[in-house]
Structures are given as structure tokens and as C-alpha cells.
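Chains, contacts and geometry: an overview
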Amino acid sequence: MMIEKNKSLKALNTFGIDVAAKYFTEIRSVEEFQELAGDKRFSDEKKLILGGGSNIILTGDFDGCVVKNAIPGISVVNETGMAVTVKAGAGVGWHDLVLWCLDKNFGGFENLSLIPGLVGAAPIQNIGAYGAELKDTLLELEAIEIRSGALTKFSAADCALGYRDSIFKRKYQGQFLITSVSFKLTNLSTSKIPYRYQTEYGDVRKTLDEMKVQDLSLTAVSEAICRIRRAKLPDPKELGNAGSFFKNPSIPGESFTALASAYPKMPHFPQKNGRVKIPAGWLIEQCGWKGKRAGRAGAHKEQALVLVNYGGATGKEILELSEAIQRSVKEKFGIELSREVNVVQ
Ligand SMILES: Cc1cc2nc3c(=O)[nH]c(=O)nc-3n(C[C@H](O)[C@H](O)[C@H](O)COP(=O)(O)OP(=O)(O)OC[C@H]3O[C@@H](n4cnc5c(N)ncnc54)[C@H](O)[C@@H]3O)c2cc1C
């Protein structure tokens, strides 16, 4: 295990923010973490666990130790009839895991294709897209408590997954390093029950029709989703970003009724609990931010919800832009937008 000093994090965060870490190391096993735990350059310092850096905003040089999780490995750990349990190391690329499962004809991840980042970070915000969430397939995960070094198992229920939320963003924020995640998937090769594909969300059905797909398959759904995502979202390699910057707010039914009379065209999604979800991108667009630049940062020209680094923007500049957007939305609609992206101070 090598600990680097003054390591640039520019290539390690998808915003491309040019800051450095006082110390930086990669761990490839639980044992390597235990070795690291005994080193003062880790134990005495502020700590940041890093995955693919696709959901963080670095506000300055990190005065502490950054630990990149690179624990590898994907395996089938149990198979009973059509139910299959797959375990992946936290350092596996999320989309690599999706591709591995597609190749084996294991269903459950196809709608989550092409989400950047690593497996270990996926439970942190319960990644979701196109009508699916990690919650639908999570079985359990293993994590090391950073303070004590104890390896602990969390069941799916223990993780308290919600909309872009989990116990690791709340009570246990910064306290655990996830080492592996296990999922319950469906083996379509052995399943006798027809598989329920989710194609009703967004443009999935339309894209499958354009692709002239006659018989649905996991690969076809995944390919449709990859096409939609490539067309819609800026590629961080070309334009720094972290995907959706804010969560879609959900407001009480009465507040929605009042707003809807002023904005009858407001898109909205009633929830089971009586609240109504409003797309944050629409709210931001209505405030005139779509395509607007603030120095070296801006709101993307196609997706107002995606804040971008046009080159050389600092984390602080992007954060200031995000706060200005939050103020506009609050003033115009009385709605508080909360961040999806994790701020690293
Ligand atoms: C173009 C683009 C599109 C995106 N689309 C989506 C989408 O459709 N749906 C969606 O949900 N998200 C999306 N995201 C956000 C992002 O990809 C996910 O949140 C992803 O899970 C982040 O993974 P990461 O490895 O990059 O995490 P990082 O950004 O490295 O870390 C995120 C947080 O998790 C913590 N963390 C990371 N790894 C571990 C670990 N092993 N143990 C403990 N804590 C850890 C970090 O400390 C940090 O707080 C998108 C991002 C981009 C850039």
C-alpha cells in the first residue's frame, strides 16, 4: 500500500475540479484498510472515502487522507432456481457490474445502465434511474467502521434506503467504508416466470421502438437506456459535471394545488403518501437558469438540473451558482431544493 503526498484529484472527480489531497491511497482489500488504519497519515487526519468521484463537489484542497476504494471482484454466491445472489467488491465500476450481469442473463440492473461511479457508492444515495432503484435488488452489504476497524454487515433494511438517500448520508455519514455489496437478481435463463421489464418510464418504450426491438431482452433495455443517457447527459470527459445536482422536491398536496393554479403546466407526479413530486429541472428552467453561465460554471443548455464546469471552475464557484439557483427557486415557487451531490469541505 502506497501513500502519496499532495496528490492531484483533478482526474478523480467528474467535475474536473483542480484540487489536491494532502495524502492519497488506494485500498484493494479489507486487510489493506487495516494496515492503513495503523498509519498516522490516515489515523490522525481528516478522511474522505472516494469512489469514482461522480457525486462529489470538492470545495478546496483536501487537508487530510483520501482513500480510493479499489476492492475488486464479482461472483455468484448463491443460486436457487431463478434467484441468484451476486456479490461485488466496492471498487468495481457500477456499469462493469451491469455488463457482467447482462452477459450472464441476470435481470435487475438493466434500467440502471451507464450510471457512473463504483459499486461501493451505489447504496450511499440509493442510485436510481428509469423507474428502478438500487433498493429493488440490494440484499446486504459489508462495511468497515472507520473508527474501530470492525467489519459489519448491513441488511437492506438497515441501510434505510430512500429517494437518493440512505443511513450513510445521515446517521452514519463518513463513518463506514463499504467494502462489498450483494444483490438479489433474477436468472432469466432458469426462470420459468415471464420477466417484468420496466419500459414505461421516460423515452424507454419509444427508444426500443426506434431500435425496432421485437422481443424484449435485458440487453435491448440496457442498450435503449444507454442511448437515451448518451443523448441527454453531458459526458463528464468532455464537460465536467456530476449528473443531477439537486433532488426532485416533493411538496405537500395542498401546496401543490395552490401552485398548480398559478402554473397549470407544471409537470408533477403524485406520490403514495399524498405528496407531489415536481421535477427540479423544470423549476430551475422556469427561473431562467437553463444554459446560463456564471463565470466558468453554468447550468447545462439541455438539462438545467446538471451544473457544469466549462473549464477551470472551482468547487466554490459551482457551489455559489447552486446556491443562487436555490434562492431563485425558493423566491419564485416557495420550494427548497436540496442537493443530491455531496459537498466535500
Ligand atoms: C453524467 C452523470 C450521470 C449520473 N446519473 C445518475 C443517475 O442516473 N442516478 C443516480 O442515482 N446517480 C447518478 N449520478 C451520480 C453518481 O454517478 C452516483 O451517485 C454514483 O453512485 C456515485 O458513485 P461514485 O463512486 O462516483 O461516488 P463518489 O462521488 O466517489 O462518492 C459519493 C459519496 O459516497 C461516499 N463513498 C464512495 N464510496 C464509498 C464507499 N465504498 N464506502 C463509503 N462511502 C463511500 C463518498 O465519500 C461520497 O460521500 C450521475 C453522475 C454523472 C456524472
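Check the entry above for the structure.
On a predicted model such as this, the values are computed, not experimentally measured, just so you know. (Residues numbered from 1 in each chain as written. Predicted model: local features only at pLDDT ≥ 70, side-chain atom pairs only at ≥ 80, totals over all residues. Heavy atoms only, no water.)

1. A look at the overall build of the chain
Selection rule: Secondary structure elements follow DSSP: runs of H or I no shorter than four residues count as helices, runs of E no shorter than two count as strands, and numbering proceeds from the N terminus. Only C-alpha atoms enter the radius of gyration; for comparison, a globular chain is expected to reach 2.2 Å times N to the power 0.38, where N is the number of residues. Relative accessibility decides the category of a residue: with a 1.4 Å probe and only protein chains considered, values under 20% of the type maximum give buried, values over 50% give exposed, and everything between is partly exposed. For this analysis, residues touch if any pair of their heavy atoms sits within 4.5 Å. Counted as positive: Lys and Arg. Counted as negative: Asp and Glu, with His and the chain ends omitted from the count. Taken as the charge location is NZ of Lys, CZ of Arg, CG of Asp or CD of Glu.
Secondary structure summary: the chain contains eight helices and 21 strands in total. Expected size for 345 residues packed as a compact globule is a radius of gyration near 20 Å; at 21 Å, the chain falls within 12% of this value. Judged by the C-alpha coordinates and their principal axes, the chain covers about 60 × 55 × 35 Å. The buried share of the chain, taken over its 345 residues, is 49%. Taking all contacts inside the chain whose residues are at least 6 apart in sequence as the whole, residues at least 24 apart take part in 60%. Averaged over its 45 positive side-chain charges, the chain has a centre that lies 4 Å from the centre of its 39 negative ones.

2. Considering the pattern of salt bridges
Filter applied, for reference: Here, a salt bridge means any side-chain nitrogen of Lys or Arg that lies within 4 Å of a carboxyl oxygen of Asp or Glu.
Enumeration over the complete set of coordinates arrives at 17 salt bridges. Salt-bridge contacts for K40 lead to D44; the nearest nitrogen and oxygen are separated by 3.9 Å. The same class applies to K40 as to D44, namely exposed. Between R164 and E340 there is a salt bridge whose closest N-O contact spans 3.9 Å. Taken together, the residues R164 in the loop between β12 (151-155) and β13 (176-187) and E340 in the loop between α8 (315-333) and β21 (342-344) connect sequence positions 176 residues apart. Taken as a pair, R164 and E340 share a single burial class, namely buried. One continuous salt-bridge network, built from bridges that share partners, spans K22, E45 and D63.

3. Points about α8
The condition that has to hold: What a helix should span is 1.5 Å times the count of its residues minus one.
Along its 19 residues, α8 runs 27 Å from first to last C-alpha, staying within 8% of the 27 Å computed at 1.5 Å per residue. For α8, the full list of buried residues reads G315, I318, L319, L321, S322, A324, I325, Q326, S328, V329 and F333. One or two positions beyond α8, positive phi appears at G334, with a value near 70 degrees.

4. Structural notes on the site of the ligand
The criterion, for reference: By convention in these notes, a residue is near a molecule or strand provided one of its non-hydrogen atoms lies within 4 Å of it. Any N or O atom pair separated by 3.5 Å or less is treated as a polar contact, with the protein-specific requirement of one donor-capable and one acceptor-capable atom, and with residues adjacent in sequence counted only for side-chain atom pairs. Under the convention used here, a 1.4 Å probe and the Shrake-Rupley method define accessible areas, while residue burial counts only the protein chains that appear. Note on residue classes: Ala, Val, Leu, Ile, Met, Phe, Trp, Tyr, Cys and Pro are nonpolar, Asp, Glu, Lys and Arg are charged, and everything else, Gly too, is polar.
Neighbouring the ligand are 35 residues; I49, G51, G52, S54 and R229 lie closest to it. Between the ligand and G52, the relevant distance is 2.7 Å, taken from an oxygen atom to a main-chain nitrogen or oxygen of the residue. Between an oxygen atom of the ligand and a main-chain N or O atom of P116, the distance comes to 2.9 Å. Here the ligand loses 92% of its free accessible area of 990 Å² to cover by the protein chains. Sorting the residues of the shell around the ligand by element identifies β3 (46-50), β9 (128-129), β13 and β14 (240-244) as the ones contributing at least two each. Considered class by class, the residues forming the shell around the ligand number 18 nonpolar, 14 polar and three charged.

5. What about the nonpolar core?
This is how it is decided: Residues enter a nonpolar core if they are buried and are Ala, Val, Leu, Ile, Met, Phe, Trp, Tyr or Cys, with the set joined through side-chain atoms within 4.5 Å.
With 45 residues, the main nonpolar core has F245, I284, I318, I325 and V329 as its most contacted residues. Taken together, the elements giving at least two residues each to this core come down to β2 (20-27), β3, β4 (56-58), β5 (62-69), α6 (253-262), α7 (280-286), β19 (297-299) and α8. No other element matches the seven residues that α8 contributes to this core. Filtering out sequence-adjacent residues up to four positions away, F245 remains in contact with F15, I57, L305, L307, I318, L319, S322, R339, E340 and V341. In this structure, Y130, L141, L188 and M211 belong to the second largest nonpolar core, which totals 43 residues.

The values reported here are purely geometric and, on their own, carry no functional implication.
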